[in-house]
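If you want the building blocks of each chain, they are given just below.
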Amino acid sequence: MMKFRFRRQGNDPHREKIKQDLFAFNKTVEHGFPNQPSALAYDPKLQLMAIGTKSGAIKIYGAPGVEMTGLHKDTAAVTQIHFLYGQGRILSLLDDNTIHLWEIVQRENRSHLVEVHSFNLPGRPGIESTSCDLLALGTEGGGVHFLELPTLTLLNKSLFQDEIMQSIPEEYKCGKSLGPVESLQQHPQDSDKILIGYSRGLVVLWDLNSRHVDNLFLGKQQLESLVWERSGNSFVSSHSDGGYMVWAVSSSNPCTHDPISSTIPYGPFPCKAVNKILWRTTESGSPLVLFSGGMPRASYGDRHCLTILQDSSHVTLDFTSRVIDFFTIHCTDKDKEFDDPSALVVLLEEELVVIDLQMAGWPTVPAPYLAPLHSSAITCSCHISNVPPKLWERVISAGQQQCPLQNYEVAELKDPTQKLKTSAFSPQVLCCHEDGTVRFWDASGVSLKPLYKLSTANIFQTDGDHNDSLTQAGEEEWPPFRKVGCFDPYSDDPRLAIQKISVCKYSGKLVVAGTAGQVIVLVLSDEKSDHMIDVATVDLLQDREGFTWKGHDRLPPKSGSVVFAPGFQPVVLVQCMPPAAVTAVTLHAEWNLIAFGTSHGFGLFDYHRRSPVLARCTLHPNDSLAMEGPLSRVKSLKKSLRQSFRRIRKSRVSGKKRVVVNSPTSKVQEANAQLAEHDAEVTPVQRRIEPRSADDSLSGVVRCLCFADTFLRDGTHHGPTMWAGTNSGSVYAYALDVPSQEKFSEQSVEALLGKEIQLMHRAPVVSIAVLDGRGNPLPEPYEVSRDLAKAPDMQGSHSVLIVSEEQFKVFMLPKVSAKTKFKLTAHEGCRVRKVALSNFTSVSSEEYSENALVCLTNLGDIHVFSVPALRPQVRYDCIRKEDISGIASCVFTKTGQGFYLISPSEYERFSLSARVITEPLCRVDVERPHDLSAHRIYTKINRLLKKIKWEN
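Residues numbered from 1 in each chain as written. Predicted model: local features only at pLDDT ≥ 70, side-chain atom pairs only at ≥ 80, totals over all residues. Heavy atoms only, no water.

- Per an unreviewed UniProt entry, the protein is named LLGL scribble cell polarity complex component 1, and its organism is Cyprinus carpio.
- UniProt, in its Sequence similarities (unreviewed entry) section for the protein, records the words "Belongs to the WD repeat L(2)GL family." (UniProt positions renumbered as here; feature names shortened; annotations may be inferred.)

Right, dumping it as structure tokens:
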């Protein structure tokens with residue numbers, strides 16, 4: 001009997017040490033706006049803002065770069081959060097009846113947010129205001145209970161409705177309950193007194209020491225919220241009828257029946273409730289009144305509004321998402337007489353808006369961070385490493401002209417914390433959106449800072465153009481609405497959506513491609529321009545018969561000249577026909593060429609001469625889906641299911657032949673089968689991969705394109721080439737005849753098919769990259785000519801790395817002979833979704849680095865392979881396999897980092913490099929007094945919450 005023995009390859013200690021110095025996986029920071037925010041708090045002393053979310057997260061923000069995150073153990077929504085003034089402590093209330101105390105602590109010379117105490121509540125209270133040593137809980141039953149801070153210990157000081165009812169006049173009782181406690185507010189001048197507001201409308205000023213009612217305010221309208229005037233001589237109540245009342249507090253009048261004033265700003269017709277109101281005094285005289293809600297129910301009941309009133313000035317801020325909470329930045333020094341608010345901060349469901357309250361007209365302040373990445377739905381993204389300083393300055397300049405207040409700062413928004421720099425270069429993230437915009441972000445630090453916005457909608461005639469005049473004509477003067485914020489979930493035309501993007505950071509050229517087959521070449525300009533855009537059409541079907549496009553129409557370009565602001569300005573519009581979504585695009589600025597692909601084929605275009613060079617149809621005769629467009633593919637669901645079941649049956653039949661029992665050879669076949677099973681156990685495990693059928697739908701989709709200066713025709717002469725990979729595993733390589741820079745205008749570019757490769761299993765080609773004689777990736781255009789990178793090795797044999805969904809394979813050039821491969825699907829049981837070539841620098845020495853192939857699979861794990869040997873180096877779990885959108889949105893950088901969407905509004909940043917890590921390194925210095933006896937916290941309960949058990 002033969003025995004098989006395989007020698008296991010041992011780990012090389014030296015190589016393991018090198019890998020430790022090169023690779024390390026860390027999830028470092030979350031960029032963007034918190035998903036589903038539910039609570040807001042602000043500490044005016046530390047100048048820190050906190051946001052709670054429905055997923056149980058608490059995020060603290062200070063100056064740009066100062067960020068901390070805490071996550072509750074249980075995934076429960078944060079309903080309210082409050083700072084303990086100046087102590088770096090936060091109270092959070094969850095919807096699972098728990099209260100949690102968090103502290104900012106110092107570890108390893110940086111600040112962290114850590115949970116230190118929690119308290120389980122038998123009922124469901126809610127928190128209202130902010131202080132330090134006493135926590136008051138209002139209940140639906142009308143009681144108020146007290147907890148000691150910071151220990152969260154229940155005290156025997158509970159206040160019930162019975163004690164309050166004894167002081168109420170008989171004519172006001174009417175046998176009715178006072179209702180839930182809607183609001184609790186500490187007296188601004190006397191911390192031993194609290195204002196208690198009940199849902200029925202009664203407001204009580206309660207003395208904690210004497211346990212006595214100082215004042216009664218007999219309101220008759222359902223109460224929503226309370227706020228003190230700074231001196232404590234009056235307070236303001238807001239109500240369910242859309243109005244607010246001002247009440248005077250006087251020791252000589254313990255029972256007040258009527259307010260000083262009562263106002264319904266948007267009456268007399270029925271209005272929605274004023275959910276929250278703030279009253280701020282100003283040195284100029286008239287107070288500033290701010291409230292949310294209160295809109296006329298019939299006309300504007302569906303609007304999300306916040307109103308600002310002062311004298312005759314009246315503005316109704318109209319938002320596109322729901323108002324969660326808001327606060328003002330104002331003077332909190334008790335020795336000062338006035339509030340003098342400087343800014344209003346509004347937390348909305350989809351963005352954060354800051355309003356300057358000191359400038360005339362109350363303009364919006366551009367946020368230095370927390371700008372909504374998803375102002376329009378993100379369709380694709382791109383990362384640019386090591387942006388040249390000149391391009392960086394030009395992009396910033398263009399952005400500042402778009403928004404003159406980009407560098408605006410409010411003094412009170414600054415934070416006395418220290419930010420530690422994490423990187424010395426200036427990378428950018430480009431987010432492409434459904435509305436045809438491209439937004440540039442500064443990704444060099446912890447917080448993404450908006451730099452510049454490019455819009456492509458202005459060069460087309462869209463459906464939204466016809467509605468602008470009608471919208472403007474129909475606007476009413478009352479209420480005085482003002483659209484605020486940049487979140488806009490609606491697109492004028494879905495065909496505007498950007499699908500692919502390519503950038504040359506050295507020449508300032510940009511190519512964007514959209515859903516309707518539009519490919520736009522843009523050039524960065526520092527001056528305003530008014531010019532016509534050249535339009536060219538490329539027919540990718542090449543007059544092939546039997547195909548009829550059933551999808552959407554092309555976007556008609558505007559006729560005549562168009563005015564463009566400084567920034568990226570379009571020079572050429574290339575329209576693919578049929579107008580299907582562009583699936584791949586690439587740019588080579590040094591050769592003045594762009595390549596693009598759709599589900600029908602690919603094209604090559606010379607944007608200098610404004611002429612097409614090549615058009616190749618990749619359609620299979622059975623590619624019916626490619627002619628229907630994205631909106632018609634639902635019809636083919638049954639067909640796709642039938643084809644899938646046919647492949648399954650085919651694989652079962654082909655993999656196992658039926659054995660005839662009575663045949664004399666059946667025993668031999670059984671023995672052979674047993675031997676095959678034995679061999680399978682001994683040899684390394686590889687999953688069987690069935691070849692894909694050539695007539696699969698959408699087999700002609702172009703998945704990737706690339707340019708390279710390499711050897712294609714022979715081994716002695718190198719030159720420009722273009723490579724294209726399709727969904728059916730086909731690779732096309734073209735040799736290009738590109739004239740010199742001096743003869744660009746005289747000679748045209750020519751393309752000749754040099755090689756055509758068909759992968760055995762017909763798996764979709766995800767990426768193509770050419771490697772030089774040393775196995776290094778070729779430099780980008782202009783890098784060598786401008787001495788920004790080493791010249792590639794043109795002496796040794798070049799190779800091409802072709803990555804399909806199932807395997808990686810390196811072919812030698814120009815013969816295209818296989819050199820090495822790694823069968824990812826056969827070995828790991830997963831498929832390739834995203835790949836990139838990254839450079840990893842050692843922690844031990846800046847002089848040592850390695851190029852590696854980084855791969856994200858459909859299971860959400862990341863594999864790193866050596867190049868060109870394709871040896872596995874490390875593997876990390878990164879994204880949940882169920883998170884399909886996260887996997888699809890992942891982008892790798894050239895320095896071993898990556899981004900992926902964890903929600904529609906947030907990017908998770910991670911690092912695979914042990915050296916290049918971008919994470920929050922900040923320190924918040926706080927002083928916590930040992931004797932916490934100066935202030936108190938008061939809280940309320942929501943009306944819909946259950947009665948607390950303490951009252952039984």
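### A short note on the overall build of the protein
Next up, step 1: Along the backbone of the protein there are 10 helices and 64 strands.
Next up, step 2: In the protein, which comprises 952 residues, the share counted as buried stands at 54%.
Next up, step 3: Restricting the contact set of the protein to residue pairs at least 6 apart, pairs at least 24 apart contribute 60%.
Next up, step 4: Just so you have it, the protein exposes about 44000 Å², and 48% of that area is on carbon and sulfur atoms. (Helix = DSSP H or I, 4+ residues; strand = E, 2+ residues; numbered from the N terminus. Buried < 20%, exposed > 50% of the residue type's maximum accessible area, 1.4 Å probe, protein only. Contact = heavy atoms within 4.5 Å. Areas by Shrake-Rupley, 256 points an atom, 1.4 Å probe, with all protein chains shown as cover.)

### Quick notes on the pairing of strand 7 (residues 89-94)
Next up, step 1: Counting buried positions along strand 7 yields six of six residues, so the element is predominantly enclosed.
Next up, step 2: Here strand 7 shows two buried faces, one formed by Arg89, Leu91 and Leu93 and the other by Ile90, Ser92 and Leu94.
Next up, step 3: From the end of strand 6 (residues 78-84) to the start of strand 7, which pair antiparallel, there are four residues, and glycine 86 there has a positive phi angle of about 70 degrees.
Next up, step 4: Looking at chain direction, strand 7 and strand 8 (residues 98-107) are connected through five bridges and run antiparallel. (Pairing = 2+ DSSP bridges.)

### Quick look at the pattern of salt bridges
Next up, step 1: One pass over the structure, following the stated rule, counts 28 salt bridges.
Next up, step 2: The residue glutamate 756 makes a salt bridge to arginine 616 at a minimum N-O spacing of 3.9 Å. Linking glutamate 756 in strand 51 (residues 750-758) with arginine 616 in strand 47 (residues 611-617), this pair joins segments that are 140 residues apart in sequence.
Next up, step 3: Overall, the relative accessible area of 21% leaves arginine 616 in the partly exposed class.
Next up, step 4: Measuring nitrogen to oxygen at the nearest pair gives 3.6 Å for the salt bridge that ties glutamate 805 to arginine 833. Taken together, the positions of glutamate 805 in the loop between strand 53 (799-804) and strand 54 (807-812) and arginine 833 in strand 56 (residues 832-841) put the pair 28 residues apart, joining distant regions of the chain.
Next up, step 5: A network of salt bridges, in which partner residues are shared, links Glu30, Lys59 and Glu906. (Salt bridge = Lys/Arg side-chain N within 4 Å of Asp/Glu carboxyl O.)

### Comments concerning the sheet that holds strand 27 (residues 323-329)
Next up, step 1: Spatial strand order, 27-28-29-30: four strands in an open sheet with antiparallel pairing. Both outer strands of the open sheet, strand 27 and strand 30 (364-365), are each paired with one neighbouring strand and no more.
Next up, step 2: Bridge count for strand 28 (residues 343-348) against strand 29 (residues 352-356) is five bridges, and the pairing is antiparallel. Bridging across to strand 29, valine 345 finds its partner in valine 354.

### Here's the deal with helix 5 (residues 389-402)
Next up, step 1: Helix length check: helix 5, at 14 residues, gives a terminal C-alpha distance of 20 Å against a target of 20 Å (1.5 Å per residue), a fit within 8%.
Next up, step 2: Those residues of helix 5 not exposed but buried are Leu391, Trp392, Val395, Ala398 and Gly399. The arc that holds the buried residues of helix 5, viewed along the axis, is 130 degrees, so those residues lie on one side. Looking at helix 5, the residues exposed on the side facing more than 90 degrees away from the buried face are Pro389, Lys390 and Glu393. (Expected span 1.5 Å × (residues − 1). Arc of directions from axis to C-beta.)

### A few points about unusual backbone geometry
Next up, step 1: Cis peptide bonds are those with omega within 30 degrees of zero, and the linkage from glycine 267 to proline 268 qualifies with 5 degrees.
Next up, step 2: Of note, proline 268 is situated in the loop between strand 22 (261-263) and strand 23 (274-280).
Next up, step 3: The residue after leucine 813, namely proline 814, is reached through a cis peptide bond having omega 5 degrees.
Next up, step 4: Residue placement: proline 814 occurs in the loop between strand 54 and strand 55 (817-823).
Next up, step 5: The phi dihedral of asparagine 109 is positive, around 60 degrees, even though this residue is not glycine.
Next up, step 6: Along the polypeptide, asparagine 109 turns up in the loop between strand 8 and strand 9 (110-120).
Next up, step 7: Phi angles above zero are rare outside glycine, and aspartate 340 is one such case at about 45 degrees.

### Some words on the pairing of strand 20 (residues 244-248)
Next up, step 1: In terms of burial, strand 20 is a largely internal element, four of the five residues being buried.
Next up, step 2: Here strand 19 (residues 234-239) runs beside strand 20; their pairing, made up of five bridges, is antiparallel. Within strand 20, the position partnered with serine 237 by the bridge is methionine 245.
Next up, step 3: In this antiparallel pair of consecutive strands, strand 19 and strand 20, the connection spans four residues, and glycine 242 shows a positive phi of 85 degrees.
Next up, step 4: Direction of pairing for strand 20 relative to strand 22: antiparallel, over a ladder of three bridges. Looking at the pairing, methionine 245 lines up with serine 262 of strand 22.

### So, helix 1 (residues 13-22)
Next up, step 1: Among the residues of helix 1, those classed as buried are Ile18, Lys19, Asp21 and Leu22. All buried residues of helix 1 fall inside an arc of 160 degrees around its axis, so they share one side. For helix 1, the exposed residues set more than 90 degrees away from the buried face come down to Pro13 and Gln20.
Next up, step 2: The elements touched by buried residues of helix 1 are strand 1 (23-32), strand 56, strand 57 (849-857), strand 59 (872-877) and strand 62 (906-913).
Next up, step 3: For helix 1, the N-terminal capping position is held by aspartate 12, with its side-chain oxygen 3.2 Å away from the main-chain nitrogen of histidine 14. (Polar contact = N/O pair within 3.5 Å; in protein donor to acceptor, adjacent residues only side chain to side chain.)

### Quick look at the sheet that holds strand 43 (residues 567-577)
Working definition: the strands of a sheet are paired by backbone hydrogen bonds and lie parallel or antiparallel to each other.
Next up, step 1: Spatially, five strands are ordered 37-38-39-43-41 in an open sheet, and the strand pairing comes out mixed. The open sheet has two edge strands, strand 37 (498-504) and strand 41 (534-539), and neither has a second partner. If you compare each strand with its neighbour and ignore which way they point, the axes differ by 20 degrees on average.
Next up, step 2: Relative to strand 43, strand 41 is paired through six bridges, and the arrangement is parallel. Across the sheet, valine 535 pairs through a bridge with leucine 573, a residue of strand 43.
Next up, step 3: Sheet contacts for helix 5: strand 39 (518-525) and strand 43; angle to strand 39, the most-contacted strand, approximately 100 degrees. (Axes fitted to C-alpha atoms, helices over the stretch in contact; angles between N-to-C directions.)

### A word on the side chain of threonine 618
Next up, step 1: Within the secondary structure, threonine 618 is located in the loop between strand 47 and helix 7 (637-655).
Next up, step 2: Residue threonine 618 is classed as buried on the basis of its relative accessible area, which comes to 10%.
Next up, step 3: Within the structure, the side chain of threonine 618 is placed 2.5 Å from the backbone oxygen of glycine 700, a separation counted as a polar contact.

### Here's the deal with the side chain of threonine 256
Next up, step 1: Along the chain, threonine 256 falls in strand 21 (residues 255-256).
Next up, step 2: Overall, the relative accessible area of 9% leaves threonine 256 in the buried class.
Next up, step 3: Not counting residues within four places of it along the chain, the set of residues in contact with threonine 256 comprises Leu216, Phe217, Leu218, Trp247 and Ala248.

### Overview of the packing of aromatic side chains
Next up, step 1: Evaluated as defined, the whole model comprises 25 aromatic pairs.
Next up, step 2: Between phenylalanine 217 and tryptophan 247, the ring centres sit 6.0 Å apart and the planes meet at 75 degrees, which makes this aromatic pair edge-to-face. In this pair, phenylalanine 217 is assigned in strand 17 (residues 212-218) and tryptophan 247 in strand 20, connecting sequence segments 30 residues apart.
Next up, step 3: Its relative accessible area of 0% is what places phenylalanine 217 among the buried residues.
Next up, step 4: With relative accessibility at 1%, the residue tryptophan 247 sits in the buried group. (Phe/Tyr/Trp six-rings, centres within 6.5 Å; stacked < 30°, edge-to-face > 60°.)

### Some details on the environment of leucine 288
Next up, step 1: If you trace the backbone, leucine 288 turns up in strand 24 (residues 288-293).
Next up, step 2: For leucine 288, a relative accessible area of 2% gives the class buried.
Next up, step 3: Between the C-alpha atoms of leucine 288 and aspartate 339, which are 51 residues apart in sequence, the distance is 9.5 Å.
Next up, step 4: Ignoring sequence-local partners within four residues, the contact set of leucine 288 consists of Leu278, Trp279, Arg280, Thr282, Ile308, Leu309, Gln310, Pro341, Leu357 and Trp362.

### Overview of the environment of glycine 436
Next up, step 1: Secondary-structure assignment places glycine 436 in the loop between strand 33 (428-433) and strand 34 (437-442).
Next up, step 2: The class for glycine 436 is buried, based on a relative accessible area of 0%.
Next up, step 3: For the pair glycine 436 and asparagine 458, spaced 22 residues apart in the sequence, the C-alpha separation amounts to 9.4 Å.
Next up, step 4: The residues touching glycine 436, leaving out its near neighbours within four places in the chain, are Leu454, Ser455, Thr456, Ala457, Leu496, Ala497 and Ile498.

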